[in-house]
Amino acid sequence: MKKRGLHELYAKDPVKADEQVFQRTSNTLTRRGFIKGLKSLSLLLGAEVVYGQFMPAGLIPAAFAQADTPFSIKGKDGLTILNDRPLNAETPAHLLDDVVTPASRFFVRNNGIPPQAPDASSWTLTIEGESAAQSKTFTLEELKAQFKHYTYQLTLECGGNGRAEFSPAATGNQWTTGAVGCPRWTGVRLKDVLKAVGVKEDAVYIGYYGDDQHLSRTPGKAAISRGVPIDKAMEDESLIAWAMNDEPLPLMNGFPLRLVFGGWPASTSGKWLKKIVIRDRVHDGAKMLGKAYRMPCKPVAPGAKVADEDMCIIEAMPVKSLITFPKSGSDHSLKEKLTVRGHAWSGEGKIAKVFTSIDFGQTWHLAQLNAPANRHAWQQFSTQINFPQQGYYEVWAKAQDEHGKSQPMVLPGWNPKGYLNNACHRIAVRVV
Ligand SMILES: Nc1nc2c(c(=O)[nH]1)N[C@H]1C(S)=C(S)[C@@H](COP(=O)(O)O)O[C@H]1N2
Ligand SMILES: [Mo]
(Lines give C-alpha, C1' and ligand atoms only; values in the text may rest on other atoms or scores of the structure.)
(Ligands and ions follow the chains in the order given, each with its own letter.)
Protein backbone atom coordinates (compact mmCIF):
# COMPACT_ATOMS: atom_id res chain seq x y z
CA MET A 1 0.00 0.00 0.00
CA LYS A 2 1.24 3.48 -0.84
CA LYS A 3 2.08 5.28 2.35
CA ARG A 4 0.02 8.43 2.46
CA GLY A 5 0.41 11.60 4.46
CA LEU A 6 -1.73 12.05 7.53
CA HIS A 7 -3.31 15.14 6.03
CA GLU A 8 -4.47 13.32 2.92
CA LEU A 9 -5.78 10.46 5.05
CA TYR A 10 -7.73 12.69 7.40
CA ALA A 11 -9.06 14.93 4.63
CA LYS A 12 -10.69 11.98 2.85
CA ASP A 13 -12.13 9.95 5.67
CA PRO A 14 -11.26 10.97 9.24
CA VAL A 15 -12.80 7.89 10.81
CA LYS A 16 -10.87 5.50 8.61
CA ALA A 17 -7.71 7.56 8.99
CA ASP A 18 -8.03 7.33 12.71
CA GLU A 19 -8.34 3.57 12.47
CA GLN A 20 -5.25 3.37 10.31
CA VAL A 21 -3.08 5.69 12.34
CA PHE A 22 -3.95 3.94 15.55
CA GLN A 23 -4.28 0.49 13.98
CA ARG A 24 -7.75 0.23 15.40
CA THR A 25 -10.36 -2.07 14.01
CA SER A 26 -13.98 -1.43 14.90
CA ASN A 27 -13.90 -0.39 18.53
CA THR A 28 -10.86 -2.24 19.73
CA LEU A 29 -7.53 -0.53 19.91
CA THR A 30 -4.48 -2.45 20.96
CA ARG A 31 -2.07 -0.79 23.36
CA ARG A 32 0.72 -1.46 20.85
CA GLY A 33 -1.20 0.20 18.04
CA PHE A 34 -1.84 3.21 20.20
CA ILE A 35 1.82 3.68 21.12
CA LYS A 36 2.83 3.38 17.44
CA GLY A 37 0.16 5.89 16.48
CA LEU A 38 1.38 8.34 19.09
CA LYS A 39 4.89 8.08 17.69
CA SER A 40 3.85 8.87 14.13
CA LEU A 41 1.71 11.75 15.37
CA SER A 42 4.63 13.22 17.29
CA LEU A 43 6.74 13.01 14.16
CA LEU A 44 4.17 14.85 12.10
CA LEU A 45 3.49 17.45 14.76
CA GLY A 46 7.22 18.02 15.03
CA ALA A 47 6.90 17.81 18.79
CA GLU A 48 6.32 15.15 21.37
CA VAL A 49 2.76 14.80 22.54
CA VAL A 50 3.30 15.58 26.20
CA TYR A 51 0.88 13.61 28.40
CA GLY A 52 0.35 11.43 25.32
CA GLN A 53 -0.38 8.48 27.54
CA PHE A 54 -3.53 10.27 28.75
CA MET A 55 -4.76 11.17 25.28
CA PRO A 56 -8.03 9.37 24.53
CA ALA A 57 -7.33 6.58 22.07
CA GLY A 58 -7.77 7.67 18.47
CA LEU A 59 -8.50 11.33 19.14
CA ILE A 60 -7.44 13.57 16.26
CA PRO A 61 -5.00 16.14 17.66
CA ALA A 62 -6.53 19.61 17.61
CA ALA A 63 -3.57 20.87 15.60
CA PHE A 64 -4.72 18.69 12.72
CA ALA A 65 -8.44 18.71 13.25
CA GLN A 66 -9.34 22.39 13.55
CA ALA A 67 -8.56 24.50 10.52
CA ASP A 68 -8.68 23.73 6.82
CA THR A 69 -4.90 24.10 6.85
CA PRO A 70 -4.00 21.74 9.65
CA PHE A 71 -0.26 21.96 9.14
CA SER A 72 1.90 25.01 8.78
CA ILE A 73 5.20 25.35 6.95
CA LYS A 74 7.93 27.49 8.43
CA GLY A 75 8.21 30.80 6.58
CA LYS A 76 5.00 30.30 4.59
CA ASP A 77 1.83 32.26 5.16
CA GLY A 78 -1.73 31.29 4.24
CA LEU A 79 -0.86 28.43 1.89
CA THR A 80 -3.30 25.53 1.49
CA ILE A 81 -1.65 22.21 2.19
CA LEU A 82 -2.63 19.53 -0.30
CA ASN A 83 -0.42 16.76 0.96
CA ASP A 84 2.11 16.37 3.75
CA ARG A 85 3.94 13.31 2.40
CA PRO A 86 5.49 14.58 0.23
CA LEU A 87 4.77 18.16 1.26
CA ASN A 88 2.72 20.12 -1.27
CA ALA A 89 1.07 23.49 -0.71
CA GLU A 90 -0.57 26.05 -2.97
CA THR A 91 -1.40 29.74 -2.62
CA PRO A 92 -5.01 31.01 -2.70
CA ALA A 93 -5.45 33.40 -5.66
CA HIS A 94 -6.08 36.51 -3.56
CA LEU A 95 -2.77 35.97 -1.73
CA LEU A 96 -0.88 36.16 -5.04
CA ASP A 97 -1.80 39.82 -5.55
CA ASP A 98 1.78 41.15 -5.27
CA VAL A 99 3.63 42.02 -8.49
CA VAL A 100 6.67 40.18 -7.09
CA THR A 101 5.59 37.08 -5.17
CA PRO A 102 6.93 37.16 -1.58
CA ALA A 103 8.77 34.02 -0.46
CA SER A 104 6.09 33.46 2.17
CA ARG A 105 3.47 33.12 -0.60
CA PHE A 106 5.43 30.97 -3.05
CA PHE A 107 4.03 27.45 -3.45
CA VAL A 108 5.79 24.25 -2.43
CA ARG A 109 5.89 21.12 -4.55
CA ASN A 110 8.02 18.28 -3.24
CA ASN A 111 8.30 14.85 -4.84
CA GLY A 112 10.38 13.32 -2.09
CA ILE A 113 11.85 14.06 1.31
CA PRO A 114 13.77 17.35 1.41
CA PRO A 115 17.21 17.54 3.05
CA GLN A 116 16.85 18.37 6.76
CA ALA A 117 19.42 21.11 7.26
CA PRO A 118 21.51 21.69 4.14
CA ASP A 119 24.77 23.52 4.84
CA ALA A 120 25.44 26.39 2.41
CA SER A 121 29.08 26.78 3.47
CA SER A 122 30.02 23.24 2.43
CA TRP A 123 27.57 22.97 -0.48
CA THR A 124 28.97 21.81 -3.84
CA LEU A 125 27.61 21.57 -7.36
CA THR A 126 29.13 19.07 -9.81
CA ILE A 127 28.83 19.34 -13.59
CA GLU A 128 29.46 16.15 -15.55
CA GLY A 129 27.93 13.89 -18.20
CA GLU A 130 28.65 12.35 -21.62
CA SER A 131 28.64 15.75 -23.29
CA ALA A 132 30.67 17.62 -20.66
CA ALA A 133 34.29 18.28 -21.71
CA GLN A 134 35.32 17.50 -18.13
CA SER A 135 33.81 16.88 -14.74
CA LYS A 136 34.01 19.86 -12.42
CA THR A 137 32.85 20.64 -8.88
CA PHE A 138 32.21 24.14 -7.56
CA THR A 139 31.51 25.20 -4.02
CA LEU A 140 28.66 27.67 -3.66
CA GLU A 141 31.26 30.32 -2.79
CA GLU A 142 33.21 29.57 -5.98
CA LEU A 143 30.08 29.88 -8.08
CA LYS A 144 29.38 33.26 -6.52
CA ALA A 145 32.98 34.42 -6.94
CA GLN A 146 33.72 33.13 -10.45
CA PHE A 147 30.59 34.09 -12.38
CA LYS A 148 28.63 37.28 -12.91
CA HIS A 149 25.40 37.60 -10.92
CA TYR A 150 22.04 38.20 -12.57
CA THR A 151 18.60 38.91 -11.17
CA TYR A 152 15.38 38.20 -13.08
CA GLN A 153 11.73 38.01 -12.15
CA LEU A 154 10.73 34.56 -13.41
CA THR A 155 7.38 32.77 -13.40
CA LEU A 156 7.37 29.20 -12.14
CA GLU A 157 4.21 27.16 -12.53
CA CYS A 158 3.79 23.47 -11.80
CA GLY A 159 2.75 21.49 -14.87
CA GLY A 160 -0.11 20.08 -12.79
CA ASN A 161 -1.52 23.47 -11.70
CA GLY A 162 -5.30 23.29 -12.31
CA ARG A 163 -5.39 19.49 -12.21
CA ALA A 164 -8.33 19.44 -9.78
CA GLU A 165 -10.75 20.38 -12.56
CA PHE A 166 -10.13 17.48 -14.91
CA SER A 167 -12.81 14.89 -15.43
CA PRO A 168 -12.34 11.97 -15.31
CA ALA A 169 -10.10 12.99 -12.40
CA ALA A 170 -6.36 12.65 -12.70
CA THR A 171 -4.41 11.32 -9.74
CA GLY A 172 -1.78 13.50 -8.10
CA ASN A 173 -1.96 16.67 -6.05
CA GLN A 174 -5.31 18.33 -6.65
CA TRP A 175 -3.91 21.76 -7.43
CA THR A 176 -6.56 24.40 -8.07
CA THR A 177 -4.92 27.65 -9.22
CA GLY A 178 -2.14 28.25 -6.73
CA ALA A 179 0.92 26.33 -7.96
CA VAL A 180 2.36 29.44 -9.57
CA GLY A 181 4.38 32.46 -8.52
CA CYS A 182 6.81 35.02 -9.84
CA PRO A 183 9.52 36.09 -7.40
CA ARG A 184 12.85 37.72 -8.27
CA TRP A 185 15.64 35.17 -8.49
CA THR A 186 19.36 35.88 -8.19
CA GLY A 187 22.15 33.59 -9.28
CA VAL A 188 24.56 32.86 -12.09
CA ARG A 189 23.66 32.04 -15.65
CA LEU A 190 23.55 28.30 -16.23
CA LYS A 191 25.15 28.88 -19.63
CA ASP A 192 28.17 30.65 -18.12
CA VAL A 193 28.82 27.70 -15.82
CA LEU A 194 28.24 25.10 -18.55
CA LYS A 195 30.60 26.94 -20.89
CA ALA A 196 33.29 27.17 -18.21
CA VAL A 197 33.14 23.38 -17.86
CA GLY A 198 32.94 22.82 -21.61
CA VAL A 199 29.92 21.64 -23.61
CA LYS A 200 30.60 19.12 -26.37
CA GLU A 201 29.03 19.53 -29.83
CA ASP A 202 26.73 16.56 -29.33
CA ALA A 203 25.01 17.95 -26.20
CA VAL A 204 21.22 17.89 -26.47
CA TYR A 205 19.89 18.07 -22.89
CA ILE A 206 20.82 18.82 -19.31
CA GLY A 207 19.50 16.92 -16.31
CA TYR A 208 19.58 17.73 -12.59
CA TYR A 209 20.03 15.81 -9.35
CA GLY A 210 19.00 17.27 -6.00
CA ASP A 211 19.78 16.44 -2.41
CA ASP A 212 16.28 15.23 -1.56
CA GLN A 213 15.46 11.56 -1.02
CA HIS A 214 12.97 9.28 -2.69
CA LEU A 215 9.90 8.69 -0.48
CA SER A 216 11.12 5.11 0.03
CA ARG A 217 14.46 6.49 1.26
CA THR A 218 16.22 4.02 -1.07
CA PRO A 219 19.83 5.23 -1.23
CA GLY A 220 20.77 6.56 -4.67
CA LYS A 221 17.15 6.59 -5.88
CA ALA A 222 16.10 10.08 -7.03
CA ALA A 223 12.64 11.39 -6.21
CA ILE A 224 12.81 13.44 -9.40
CA SER A 225 15.58 14.16 -11.93
CA ARG A 226 14.36 16.19 -14.86
CA GLY A 227 15.92 18.71 -17.23
CA VAL A 228 15.61 20.85 -20.33
CA PRO A 229 16.95 20.82 -23.90
CA ILE A 230 20.31 22.51 -24.30
CA ASP A 231 18.75 25.56 -26.04
CA LYS A 232 16.62 26.35 -23.00
CA ALA A 233 19.62 25.74 -20.73
CA MET A 234 21.59 28.33 -22.74
CA GLU A 235 18.96 31.10 -22.47
CA ASP A 236 20.11 34.29 -20.73
CA GLU A 237 17.43 33.97 -18.04
CA SER A 238 18.13 30.32 -17.14
CA LEU A 239 19.67 30.55 -13.69
CA ILE A 240 21.44 28.59 -11.01
CA ALA A 241 19.94 30.62 -8.18
CA TRP A 242 20.64 31.03 -4.48
CA ALA A 243 18.30 33.92 -3.68
CA MET A 244 14.60 34.67 -3.87
CA ASN A 245 13.76 38.36 -3.49
CA ASP A 246 17.30 39.10 -2.24
CA GLU A 247 17.10 36.53 0.58
CA PRO A 248 18.52 32.99 0.67
CA LEU A 249 16.06 30.51 -0.85
CA PRO A 250 13.52 29.14 1.64
CA LEU A 251 14.40 25.57 2.62
CA MET A 252 11.27 24.17 0.97
CA ASN A 253 12.06 26.02 -2.28
CA GLY A 254 15.52 24.50 -2.66
CA PHE A 255 17.95 26.14 -0.20
CA PRO A 256 20.80 26.71 -0.80
CA LEU A 257 20.83 26.29 -4.61
CA ARG A 258 18.33 25.55 -7.40
CA LEU A 259 17.74 25.82 -11.10
CA VAL A 260 15.17 28.31 -12.38
CA PHE A 261 13.72 27.98 -15.88
CA GLY A 262 11.06 30.68 -16.23
CA GLY A 263 7.99 29.76 -18.27
CA TRP A 264 8.69 26.04 -18.33
CA PRO A 265 7.02 23.44 -16.11
CA ALA A 266 8.52 24.14 -12.69
CA SER A 267 9.44 20.46 -12.44
CA THR A 268 12.47 21.32 -14.60
CA SER A 269 13.73 23.78 -11.95
CA GLY A 270 15.67 21.36 -9.75
CA LYS A 271 15.84 22.21 -6.04
CA TRP A 272 18.66 21.44 -3.55
CA LEU A 273 20.85 21.26 -6.65
CA LYS A 274 23.88 18.97 -6.32
CA LYS A 275 24.62 17.85 -9.85
CA ILE A 276 23.95 18.81 -13.45
CA VAL A 277 24.57 16.30 -16.20
CA ILE A 278 25.16 17.43 -19.78
CA ARG A 279 23.59 14.70 -21.87
CA ASP A 280 24.12 13.52 -25.44
CA ARG A 281 20.49 12.31 -25.42
CA VAL A 282 17.19 13.39 -23.89
CA HIS A 283 17.71 13.12 -20.13
CA ASP A 284 16.17 9.90 -18.81
CA GLY A 285 16.07 10.59 -15.06
CA ALA A 286 13.15 10.01 -12.70
CA LYS A 287 9.87 11.57 -13.97
CA MET A 288 11.23 12.14 -17.48
CA LEU A 289 9.74 8.91 -18.82
CA GLY A 290 6.35 7.22 -19.04
CA LYS A 291 3.45 9.60 -18.37
CA ALA A 292 5.23 11.97 -15.99
CA TYR A 293 5.22 15.57 -17.22
CA ARG A 294 4.11 14.38 -20.64
CA MET A 295 1.01 15.06 -22.73
CA PRO A 296 -0.58 12.85 -25.38
CA CYS A 297 1.22 13.83 -28.61
CA LYS A 298 -2.19 13.84 -30.29
CA PRO A 299 -5.40 14.90 -28.49
CA VAL A 300 -7.32 12.02 -26.89
CA ALA A 301 -10.86 11.50 -25.59
CA PRO A 302 -11.38 12.01 -21.83
CA GLY A 303 -10.46 8.86 -19.94
CA ALA A 304 -8.64 7.29 -22.89
CA LYS A 305 -5.72 4.95 -22.28
CA VAL A 306 -2.58 6.34 -23.89
CA ALA A 307 0.53 4.26 -24.55
CA ASP A 308 3.77 5.67 -23.10
CA GLU A 309 5.30 6.01 -26.58
CA ASP A 310 2.41 8.29 -27.59
CA MET A 311 3.22 10.77 -24.81
CA CYS A 312 5.37 13.89 -25.52
CA ILE A 313 7.45 15.89 -23.02
CA ILE A 314 5.87 19.18 -21.91
CA GLU A 315 7.99 22.17 -22.85
CA ALA A 316 6.88 25.82 -22.50
CA MET A 317 3.78 26.39 -20.33
CA PRO A 318 0.67 27.74 -22.10
CA VAL A 319 -0.89 31.23 -21.90
CA LYS A 320 -2.75 31.78 -18.64
CA SER A 321 -4.07 34.42 -16.24
CA LEU A 322 -5.16 34.71 -12.63
CA ILE A 323 -7.46 37.24 -10.94
CA THR A 324 -5.84 38.16 -7.64
CA PHE A 325 -8.16 41.01 -6.60
CA PRO A 326 -10.86 40.96 -5.37
CA LYS A 327 -11.01 37.70 -3.48
CA SER A 328 -13.61 35.38 -4.96
CA GLY A 329 -16.85 35.58 -3.02
CA SER A 330 -16.48 39.26 -2.06
CA ASP A 331 -19.37 41.69 -1.72
CA HIS A 332 -19.20 44.93 -3.68
CA SER A 333 -21.38 48.05 -3.59
CA LEU A 334 -23.40 48.85 -6.73
CA LYS A 335 -22.55 52.53 -6.25
CA GLU A 336 -18.83 52.06 -6.91
CA LYS A 337 -16.69 50.78 -9.73
CA LEU A 338 -14.91 47.56 -8.92
CA THR A 339 -11.17 47.37 -9.52
CA VAL A 340 -10.17 43.95 -10.81
CA ARG A 341 -6.55 42.97 -11.20
CA GLY A 342 -4.25 40.03 -11.66
CA HIS A 343 -1.39 38.54 -13.64
CA ALA A 344 -1.02 36.96 -17.07
CA TRP A 345 1.86 34.86 -18.37
CA SER A 346 2.94 32.41 -21.03
CA GLY A 347 6.04 30.30 -21.50
CA GLU A 348 5.75 30.84 -25.24
CA GLY A 349 6.14 34.61 -25.36
CA LYS A 350 4.76 37.93 -24.18
CA ILE A 351 1.15 38.56 -23.28
CA ALA A 352 -0.42 40.98 -25.78
CA LYS A 353 -3.95 41.45 -24.35
CA VAL A 354 -6.09 40.56 -21.37
CA PHE A 355 -9.90 40.70 -21.49
CA THR A 356 -12.49 40.49 -18.74
CA SER A 357 -16.17 39.57 -18.89
CA ILE A 358 -19.00 39.86 -16.33
CA ASP A 359 -21.71 38.28 -18.51
CA PHE A 360 -20.36 34.72 -18.81
CA GLY A 361 -18.32 35.54 -21.87
CA GLN A 362 -20.97 37.22 -24.05
CA THR A 363 -18.97 40.46 -24.13
CA TRP A 364 -15.30 41.01 -23.40
CA HIS A 365 -13.53 44.21 -22.40
CA LEU A 366 -9.88 44.98 -22.87
CA ALA A 367 -8.01 45.45 -19.58
CA GLN A 368 -4.94 47.59 -19.01
CA LEU A 369 -1.77 45.56 -19.28
CA ASN A 370 1.78 46.20 -18.06
CA ALA A 371 4.97 45.17 -19.80
CA PRO A 372 6.90 42.33 -18.12
CA ALA A 373 9.88 43.20 -15.88
CA ASN A 374 11.90 40.93 -18.19
CA ARG A 375 11.33 37.89 -20.40
CA HIS A 376 9.45 35.06 -18.59
CA ALA A 377 8.05 37.41 -15.92
CA TRP A 378 4.29 37.59 -15.49
CA GLN A 379 2.48 40.79 -16.47
CA GLN A 380 -0.09 42.75 -14.49
CA PHE A 381 -3.56 43.58 -15.78
CA SER A 382 -6.24 45.76 -14.23
CA THR A 383 -9.66 47.05 -15.11
CA GLN A 384 -12.57 48.97 -13.58
CA ILE A 385 -15.98 47.40 -13.75
CA ASN A 386 -19.41 49.05 -13.51
CA PHE A 387 -22.20 46.66 -12.66
CA PRO A 388 -25.67 47.32 -14.14
CA GLN A 389 -27.66 46.11 -11.12
CA GLN A 390 -27.42 44.17 -7.86
CA GLY A 391 -26.93 40.43 -7.98
CA TYR A 392 -24.46 37.59 -8.42
CA TYR A 393 -21.75 37.98 -11.00
CA GLU A 394 -18.74 36.09 -12.15
CA VAL A 395 -15.71 38.00 -13.36
CA TRP A 396 -13.81 36.06 -15.96
CA ALA A 397 -10.35 36.87 -17.31
CA LYS A 398 -8.76 35.72 -20.54
CA ALA A 399 -5.23 36.42 -21.74
CA GLN A 400 -3.91 36.33 -25.28
CA ASP A 401 -0.24 36.06 -26.19
CA GLU A 402 1.72 37.82 -28.91
CA HIS A 403 1.15 34.89 -31.27
CA GLY A 404 -2.63 35.24 -30.96
CA LYS A 405 -2.98 32.18 -28.71
CA SER A 406 -5.60 32.48 -26.00
CA GLN A 407 -7.08 30.59 -23.07
CA PRO A 408 -10.00 28.17 -23.40
CA MET A 409 -13.15 28.92 -21.37
CA VAL A 410 -13.63 25.26 -20.56
CA LEU A 411 -11.03 22.63 -19.78
CA PRO A 412 -8.41 22.15 -22.46
CA GLY A 413 -7.54 18.68 -23.79
CA TRP A 414 -7.95 15.93 -21.21
CA ASN A 415 -4.75 14.03 -20.50
CA PRO A 416 -3.95 11.09 -18.22
CA LYS A 417 -2.04 13.08 -15.58
CA GLY A 418 -4.06 16.30 -15.65
CA TYR A 419 -1.42 18.74 -16.88
CA LEU A 420 -1.65 22.15 -18.54
CA ASN A 421 -5.11 23.28 -17.46
CA ASN A 422 -5.06 26.91 -18.62
CA ALA A 423 -8.83 27.46 -18.62
CA CYS A 424 -9.93 31.01 -17.82
CA HIS A 425 -9.94 31.94 -14.14
CA ARG A 426 -13.33 32.97 -12.71
CA ILE A 427 -14.19 34.70 -9.48
CA ALA A 428 -17.57 35.32 -7.83
CA VAL A 429 -18.71 38.82 -6.84
CA ARG A 430 -21.99 39.70 -5.11
CA VAL A 431 -23.09 43.23 -5.93
CA VAL A 432 -25.19 44.69 -3.12
N1 LIG B 1 15.14 18.24 -6.14
C2 LIG B 1 13.87 18.50 -6.45
N3 LIG B 1 13.59 19.48 -7.33
C4 LIG B 1 12.31 19.78 -7.66
C5 LIG B 1 11.23 19.03 -7.11
C6 LIG B 1 11.54 18.01 -6.17
O7 LIG B 1 10.67 17.33 -5.63
N8 LIG B 1 12.86 17.78 -5.87
N9 LIG B 1 9.95 19.31 -7.51
C10 LIG B 1 9.80 19.93 -8.84
C11 LIG B 1 8.45 20.34 -9.16
S12 LIG B 1 7.41 19.13 -9.76
C13 LIG B 1 8.06 21.65 -9.09
S14 LIG B 1 6.50 22.12 -9.59
C15 LIG B 1 8.97 22.68 -8.56
C16 LIG B 1 8.32 23.38 -7.40
O17 LIG B 1 9.16 24.36 -6.87
P18 LIG B 1 8.80 25.00 -5.45
O19 LIG B 1 8.57 23.89 -4.47
O20 LIG B 1 9.93 25.87 -5.10
O21 LIG B 1 7.53 25.78 -5.65
O22 LIG B 1 10.22 22.16 -8.14
C23 LIG B 1 10.74 21.13 -8.95
N24 LIG B 1 12.06 20.79 -8.51
MO1 LIG C 1 5.46 20.19 -10.60
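Here's a quick rundown of the structure. This one's a predicted model, so the numbers in the text were calculated from it and none came from an experiment.

**Quick notes on the sheet that holds strand β3 (residues 80-84)**
Spatial strand order, β3-β4-β5: three strands in an open sheet with antiparallel pairing. Across the chains shown, the open sheet's two edge strands, defined by having one partner strand only, are β3 and β5 (108-109). Across four bridges, β3 lies against strand β4 (residues 87-90) in antiparallel orientation. Bridge pairing links T80 to E90 in β4.

**Let's talk about the pattern of salt bridges**
All told, the structure shown has 16 salt bridges when counted by the stated rule. A salt bridge links R341 to D97, with the shortest nitrogen-to-oxygen separation between them at 2.7 Å. Residue R341 is located in strand β22 (residues 338-345), and its partner D97 is located in the loop between β4 and β5; the two are separated by 244 residues in the primary sequence. For R341, a relative accessible area of 30% translates into the label partly exposed. For K291, the salt bridge is made with D308, and the minimal N-O distance between the two is 2.6 Å.

**As for the packing of aromatic side chains**
This structure, assessed with the given rule, holds nine aromatic pairs. Arranged with centres 4.9 Å apart and planes meeting at 45°, the rings of F106 and F107 form a pair that is tilted. For the pair F106 and F107, a shared accessibility class is recorded, and that class is buried. Aromatic side chains Y150 and Y152 sit 6.3 Å apart centroid to centroid with 0° between the ring planes, which places their arrangement in the stacked category. Members of the aromatic cluster, connected to one another through ring pairs, are F106, F107, W175 and W185. Between K274 and the ring centre of W123, over which it is positioned, the NZ or CZ distance is 4.4 Å. For the cation-ring pair, R341 lies above F325, with the distance from its terminal atom to the ring centre recorded as 4.4 Å.

**A word on unusual backbone geometry**
P86 follows R85 through a cis peptide bond whose omega is 0°. Along the chain, P86 turns up in the loop between β3 and β4. Cis geometry is adopted by the peptide bond preceding P168, which originates at S167 and carries an omega value of -5°. Following the sequence through the fold, P168 ends up in the loop between β9 (156-157) and β10 (180-181). In the Ramachandran plot, W272 falls in the positive-phi region, its phi being about 45° despite a non-glycine side chain. Inspection of the secondary structure assignment puts W272 in the loop between β16 (258-260) and β17 (273-279). The backbone of H376 shows a phi angle near 70°, a positive value even though the residue is not glycine. Inspection of the secondary structure puts H376 in the loop between β25 (368-369) and β26 (379-385). A relative accessible area of 13% places H376 in the buried class.

The rules we used
Residues numbered from 1 in each chain as written. Chains lettered and ligands numbered in written order. Predicted model: local features only at pLDDT ≥ 70, side-chain atom pairs only at ≥ 80, totals over all residues. Heavy atoms only, no water. Pairing = 2+ DSSP bridges. Helix = DSSP H or I, 4+ residues; strand = E, 2+ residues; numbered from the N terminus. Salt bridge = Lys/Arg side-chain N within 4 Å of Asp/Glu carboxyl O. Buried < 20%, exposed > 50% of the residue type's maximum accessible area, 1.4 Å probe, protein only. Phe/Tyr/Trp six-rings, centres within 6.5 Å; stacked < 30°, edge-to-face > 60°. Lys NZ or Arg CZ within 6 Å of the ring centre and 35° of its normal.

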